Amino acid sequence: LSYKPTRAMKLLALLLLPLLAASNEVFDNMCTTIGVGPGGTASGASIVTHTADCDDCDFRLAKTPKMEHPEGAKRPIYRYHRQYPRLVAEERGDTWKKENLETKFADTYASASWVSAQLVGYIDQVPSTHGLFEALFGMMNDAGVAIGESTCAAALTGRDPRPCPDCEGPLVDVGAVSLLALERCDTARCAVEMMGALAVKHGYYAASTEEGDAGEALIVSDPDEVYMMHLSPDDTGLSAVWVAYRLPEDHVTAAANSYVIRGVDTEDPNYLYSDNLWEVAERSGRAQYDTARAPNGQLDFAMTFSPDEYAKGMLKKPEYSTDRVWRVFSVLAPSRGFERTHSWLGDNLPLSVKVEKEVTVQDIMALNRDHYEGSDMDLTKGFAAGPFGSPIRYDPGYGFPGQTGTEDPKDNENGMTKWDRMHGAFPRAIGIMRTSWHFVAESRPNVPREMAGVMWYSQYQPSAGAYAPLYSSIEAVPEMYTRGSLYEYTEESSFWKFCTVGNYAQLAWKYIFPPVKAKQEELESGFLEKQVDVDKEAARLFKDGKDDEAVALLTKFSTDSAETIGAEWTKLLHYLFAKYHDGYTMILDEPVFRAVEYFYPRWWLVLTDYFTNVVEDHYYDQQLPSGYDTLDNVFGEKKKWVMEKLGMSPEGAAEAAPVALGGAAGGGGHGGEALAVVGVVCGLVGFVVGSRKNVRSGYSTIGDSGVDVRV
């Protein structure tokens with residue numbers, strides 16, 4: 001690398017650091033990762049998945065080619081930056097090059113000062129490096145090693161990265177160590193040990209120096225093994241601690257923003273860890289020993305290095321973290337009867353569990369799209385799902401941009417206080433709307449190494465798009481995965497194709513989503529069928545020494561699959577527009593056109609005052625008992641009377657509404673059905689009382705104007 005910034009450029013780069021550091025102000029950009037050992041899958045491959053859940057990330061995918069490096073070369077280390085552009089560099093494939101910048105800020109990003117500001121430092125380069133897929137993190141290399149990531153809350157928050165290559169401070173973040181490990185390692189164990197060694201030696205800094213983002217859980221796989229790894233800054237901020245555990249080959253593990261490794265068993269060869277682990281635990285005054293779960297009193301990593309209070313404004317809520325781990329285990333090991341835990345560290349959940357059936361790629365895709373369907377927490381049910389069963393729950397906020405939360409609910413559009421934001425929660429599903437990208441990586445045995453890695457890849461919300469098979473040895477990433485930004489819509493980007501379909505489906509989910517799901521299944525099943533023949537032909541070519549032809553074949557299959565998805569998603573969107581709009585399902589396959597109203601379910605009509613919102617309703621007025629004909633009681637007693645006539649008391653309305661609040665399927669939950677009844681009844685009482693008060697006070701109500709005009 002011959003580029004050397006001048007002193008003036010260094011000064012300007014320091015001025016640009018706040019722009020690069022702005023992406024460290026994280027609130028809810030937190031991911032889920034799952035790993036299954038090769039003995040637990042139908043194909044015999046290890047599987048790792050990662051949903052990169054982020055509201056402002058650069059969603060582009062890059063392929064860094066395998067390279068040879070001259071003696072004495074230096075490897076640049078780039079600053080953590082998740083917003084567009086994630087990186088501007090010439091040596092890491094086409095995605096990050098200046099000519100691929102496409103926003104009105106392209107000149108700023110292409111400037112020498114911006115490029116210089118990205119650099120944190122250098123380490124010695126190795127003679128040769130693997131090709132790999134990358135985004136904000138390293139994902140999979142051409143040896144079939146894959147890494148999934150989930151940011152975790154951590155008590156030791158470390159320091160900010162060094163401000164310049166010659167400055168003091170930590171050098172590497174999780175993105176840097178994951179990229180370096182995939183560049184240099186042929187096995188999962190090598191990747192684990194290398195990430196740990198780099199963090200300890202060079203100093204590790206987190207995505208943020210807030211407790212909610214300081215730690216990392218990483219699942220690392222190769223064709224033979226899967227590891228769960230945890231990483232945290234140490235108490236000096238200039239090094240790190242880490243631990244890893246090798247899964248039994250037929251087990252599944254998962255992490256969802258909280259550490260899951262508890263007692264560290266030094267006598268078990270499946271545990272790996274940094275030499276300084278106990279020293280830092282004791283020196284920081286945080287050491288806790290697991291006597292309940294581990295009779296030998298082993299150091300409890302999760303208890304020791306997790307914060308006392310869960311940060312990010314959510315306290316220690318199982319709704320946000322361990323519900324997702326519980327869901328993975330309850331789906332893949334249902335007979336174990338795991339109960340939904342009240343502990344955010346999952347005290348009643350194991351680190352891993354034996355799967356009860358052979359897991360397929362499609363099973364993991366389904367988990368990535370999961371909204372707790374069929375459980376007591378089913379997000380397509382309940383009042384919060386609305387009349388059309390949408391599983392999407394937006395992140396908590398205060399309304400219009402610029403509004404913040406205080407102790408006074410009048411200070412923002414939503415009437416939310418800081419306390420409200422911290423103490424409320426919907427169940428947090430694996431599949432959510434603010435996903436930048438996601439993949440299901442297969443590390444496959446018994447095939448040529450160039451075929452070992454297959455990364456099923458997609459962008460945006462998992463339930464809104466389709467996965468394409470990308471072989472890790474392909475020459476280039478399909479173009480639609482390398483284009484676009486959150487600054488503006490473009491037809492060239494798969495992210496925006498999926499985002500458009502996903503947002504449209506939210507309007508009437510139970511009607512619009514089924515065609516989306518059908519298209520996913522059609523395309524992904526088709527790719528799996530074609531893959532059998534592609535694998536056979538590619539293996540023959542590799543055996544015959546025709547490596548270039550084999551790689552070209554795999555590249556074409558991957559590219560064709562992605563382009564098929566892009567074309568089909570454009571047609572799908574047009575079909576959905578024509579089929580479902582303005583409250584109608586349009587019958588498009590009959591000679592005589594028909595428009596059929598899908599309207600609202602009866603329980604929703606009752607709860608939204610559909611049957612009682614007209615004051616001058618002479619039909620009901622004539623049948624009301626005497627004394628119930630004044631404005632003071634018309635919204636109260638008339639509603640009660642009408643609901644009884646309809647056979648739907650407040651309790652009945654609550655029972656009619658699809659219930660999904662609280663507990664877990666199979667018992668042991670949080671009393672979901674009772675909470676649903678109480679919540680809806682309380683809502684009805686509040687609505688009735690509020691309506692009566694508003695009528696007396698001359699205010700408009702939601703029932704008659706759509707807006708409560710009180711300030």
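Let us look at the structure shown here. (Residues numbered from 1 in each chain as written. Predicted model: local features only at pLDDT ≥ 70, side-chain atom pairs only at ≥ 80, totals over all residues. Heavy atoms only, no water.)

## Topic: the overall build of the chain
Link 1 in the chain: Regarding its fold elements, the chain presents 20 helices and 24 strands.
Link 2 in the chain: Across the chain, every contact between residues at least 6 apart in sequence was considered, and the portion connecting residues at least 24 apart equals 71%.
Link 3 in the chain: Put simply, the chain shows about 29500 Å² of open surface, and 53% of that area lies on carbon and sulfur atoms. (Helix = DSSP H or I, 4+ residues; strand = E, 2+ residues; numbered from the N terminus. Contact = heavy atoms within 4.5 Å. Areas by Shrake-Rupley, 256 points an atom, 1.4 Å probe, with all protein chains shown as cover.)

## Considerations on unusual backbone geometry
Link 1 in the chain: In the segment running from Tyr84 into Pro85, the intervening peptide bond is cis, with an omega of -10°.
Link 2 in the chain: Of note, Pro85 is situated in the loop between strand E5 (74-78) and helix H2 (106-110).
Link 3 in the chain: Its identity as a non-glycine residue notwithstanding, Tyr372 has a phi of 65°, on the positive side.
Link 4 in the chain: With respect to the secondary-structure elements, Tyr372 resides in the loop between helix H9 (361-368) and helix H10 (418-423).
Link 5 in the chain: A positive phi is found at Tyr460, a non-glycine position, where the angle reads about 65°.

## Examining the side chain of Arg92
Link 1 in the chain: Of note, Arg92 is situated in the loop between E5 and H2.
Link 2 in the chain: Residue classification places Arg92 among the buried residues on the basis of a relative accessible area of 4%.
Link 3 in the chain: There is a polar contact of 2.7 Å between the side chain of Arg92 and the side chain of Glu134.
Link 4 in the chain: Engagement of the side chain of Arg92 in a polar contact is seen with the side chain of Glu183, the distance being 2.8 Å.
Link 5 in the chain: Not counting the four nearest positions on each side in its chain, Arg92 is found in contact with Lys63, Thr64, Arg75, Tyr78, Leu87, Leu132, Glu134, Leu179 and Glu183. (Buried < 20%, exposed > 50% of the residue type's maximum accessible area, 1.4 Å probe, protein only. Polar contact = N/O pair within 3.5 Å; in protein donor to acceptor, adjacent residues only side chain to side chain.)

## Notes on the packing of aromatic side chains
Link 1 in the chain: As enumerated under the stated definition, the model contains 29 aromatic pairs in all.
Link 2 in the chain: A centroid spacing of 5.1 Å and a plane angle of 85° characterise the contact between Tyr273 and Trp278, whose relative ring orientation is edge-to-face.
Link 3 in the chain: Judged by relative accessible area, Trp278 falls into the partly exposed class, the value being 23%.
Link 4 in the chain: Centroid distance Phe388 to Tyr511: 6.1 Å. Interplanar angle 65°. Geometry classified as edge-to-face. One end of the pair, Phe388, is in the loop between H9 and H10; the other, Tyr511, is in helix H12 (residues 509-543), with 123 residues separating them in the sequence.
Link 5 in the chain: An aromatic cluster is built from Phe388, Tyr511, Tyr598, Phe599, Tyr600 and Tyr610, whose rings are joined through pairwise contacts.
Link 6 in the chain: Of note, Lys63 hangs over the ring of Phe133, and the distance from its end group to the ring centre comes to 5.6 Å. (Phe/Tyr/Trp six-rings, centres within 6.5 Å; stacked < 30°, edge-to-face > 60°. Lys NZ or Arg CZ within 6 Å of the ring centre and 35° of its normal.)

## A short note on the state of the cysteines
Joining two cysteines, a disulfide is a covalent bond between their sulfur atoms.
Link 1 in the chain: One pass over the full model with this rule turns up three disulfides.
Link 2 in the chain: Between the sulfur of Cys164 and that of Cys167 lies a disulfide, 2.0 Å long from S to S. The chirality of the disulfide connecting Cys164 with Cys167 is right-handed, given an S-S dihedral of about 90°.
Link 3 in the chain: Judged by relative accessible area, which is 26%, Cys167 ranks as partly exposed.
Link 4 in the chain: Taken N- to C-terminal, the disulfide-bonded cysteines of the chain are connected 1-2, 3-4, 5-6. (Disulfide = S-S within 2.5 Å.)

## A look at the side chain of Asp58
Link 1 in the chain: Residue placement: Asp58 occurs in the loop between strand E2 (46-53) and strand E3 (62-64).
Link 2 in the chain: Judged by its relative accessible area of 3%, Asp58 falls in the buried class.
Link 3 in the chain: Within the structure, Asp58 has its side chain in polar contact with the side chain of Arg60 (distance 2.7 Å).
Link 4 in the chain: A distance of 2.8 Å separates the side chain of Asp58 from the backbone nitrogen of Arg86, its partner in a polar contact.
Link 5 in the chain: Leave out the neighbours within four places in its chain, and Asp58 touches Arg82, Gln83, Tyr84, Pro85, Arg86, Trp96 and Trp437.

## Thoughts on helix H11 (residues 494-505)
Link 1 in the chain: In this model, H11 (twelve residues) spans 17 Å end to end at C-alpha, consistent with the 16 Å of a helix rising 1.5 Å per residue.
Link 2 in the chain: The buried fraction of H11 is high, at ten of twelve residues.
Link 3 in the chain: Within the sequence span of H11, burial applies to Ser494, Phe495, Trp496, Lys497, Phe498, Cys499, Val501, Gly502, Tyr504 and Ala505.
Link 4 in the chain: Each element contacted by the buried residues of H11 is listed here: strand E19 (435-443), strand E20 (453-459), H12, helix H13 (547-579) and strand E22 (580-581). (Expected span 1.5 Å × (residues − 1).)

## Description of the sheet that holds E22
Link 1 in the chain: An order of E22-E23-E24 is seen for the three strands of this open sheet, with the pairing classed as antiparallel. At either end of the open sheet lies a strand with only one pairing partner, and these are E22 and strand E24 (594-597).
Link 2 in the chain: Sheet analysis places strand E23 (residues 584-587) next to E24, joined by four bridges and oriented antiparallel. Bridged to Tyr584 within E24 is Glu597. (Pairing = 2+ DSSP bridges.)

## Let's talk about the environment of Thr564
Link 1 in the chain: Positionally, Thr564 belongs in helix H13.
Link 2 in the chain: Linking Thr564 and Ala468, residues 96 residues apart in sequence, is a C-alpha distance of 9.1 Å.

## Here's the deal with a nonpolar patch on the surface
Link 1 in the chain: Side chains of Tyr575, Leu588 and Phe593 sit close together on the surface and give an oily, nonpolar patch of about 310 Å² of accessible area.
Link 2 in the chain: If you trace the backbone, Tyr575 turns up in helix H13. (Patch = residues over 30% accessible without salt bridge, like charges linked within 9 Å, V, L, I, M, F, W, Y side chains within 5 Å. Salt bridge = Lys/Arg side-chain N within 4 Å of Asp/Glu carboxyl O.)

## Details of the pairing of E20
Link 1 in the chain: Counting buried positions along E20 gives seven out of seven residues, so the element sits mostly inside the fold.
Link 2 in the chain: In E20, alternate side chains face the same way, and those of Gly453, Met455, Tyr457 and Gln459 on one face and Val454, Trp456 and Ser458 on the other are all buried.
Link 3 in the chain: Relative to E20, E19 is paired through seven bridges, and the arrangement is antiparallel. When the sheet's bridge partners are listed, Val440 is paired in E20 with Trp456.

## Quick notes on the packing of helix H4 (residues 174-184) against helix H5 (residues 188-202)
Link 1 in the chain: It is the contact of H4 with H5, at a shortest axis distance of 9 Å, that shows an interaxial angle of 135°. Judged on the interaxial angle alone, H5 and H4 are oblique. Where H4 crosses over H5, the handedness of that crossing is right-handed. Taking contact as the criterion, the partners of Val177, Ser178, Leu180, Ala181 and Arg184 in H4 are, on H5, Ala191, Met194, Met195, Leu198 and Ala199.
Link 2 in the chain: The residue inventory of the contact of H4 with H5, partitioned by class, reads eight nonpolar, one polar and one charged. (Axes fitted to C-alpha atoms, helices over the stretch in contact; angles between N-to-C directions. Parallel < 35°, antiparallel > 145°, perpendicular 65-115°, else oblique. Left-handed = near helix turned anticlockwise from the far one by under 90°. Nonpolar A, V, L, I, M, F, W, Y, C, P; charged D, E, K, R; others polar.)

## Observations regarding a negative patch on the surface
Link 1 in the chain: A cluster of like negative charges, contributed by Glu475, Asp547, Asp548 and Glu549, occupies part of the molecular surface.
Link 2 in the chain: Its location among the elements puts Asp548 in helix H13. (Lys, Arg positive; Asp, Glu negative; His and termini not counted. Charge placed at Lys NZ, Arg CZ, Asp CG, Glu CD.)

## Focus on the nonpolar core
Link 1 in the chain: Within the largest apolar cluster, 159 residues are counted, with the highest numbers of intra-cluster contacts made by Trp437, Tyr481 and Ile565.
Link 2 in the chain: Core analysis: the next-biggest nonpolar cluster, separate from the first, contains seven residues, Val88, Leu101, Tyr109 and Val115 among them. (Core = buried A, V, L, I, M, F, W, Y, C linked by side-chain atoms within 4.5 Å.)

## Section: the pairing of E23
Link 1 in the chain: Pairing between E22 and E23: two bridges, direction antiparallel. Residue pairing across strands places Tyr580 opposite Thr585, the latter belonging to E23.
Link 2 in the chain: Taken together, E23 and the strand that follows it, E24, pair antiparallel across an intervening segment of six residues.

## Some words on the packing of H12 against H13
Between two packed helices, both the angle of their axes relative to each other and the distance between the axes serve to describe the pair.
Link 1 in the chain: Contact geometry of H12 with H13 gives a least axis separation of 10 Å together with a crossing angle of 170°. Overall, the two elements H12 and H13 adopt an arrangement that is roughly antiparallel.
Link 2 in the chain: The residue makeup of the contact of H12 with H13, split by class, is 19 nonpolar, four polar and six charged.

Taken by themselves, the reported measurements are silent on function.
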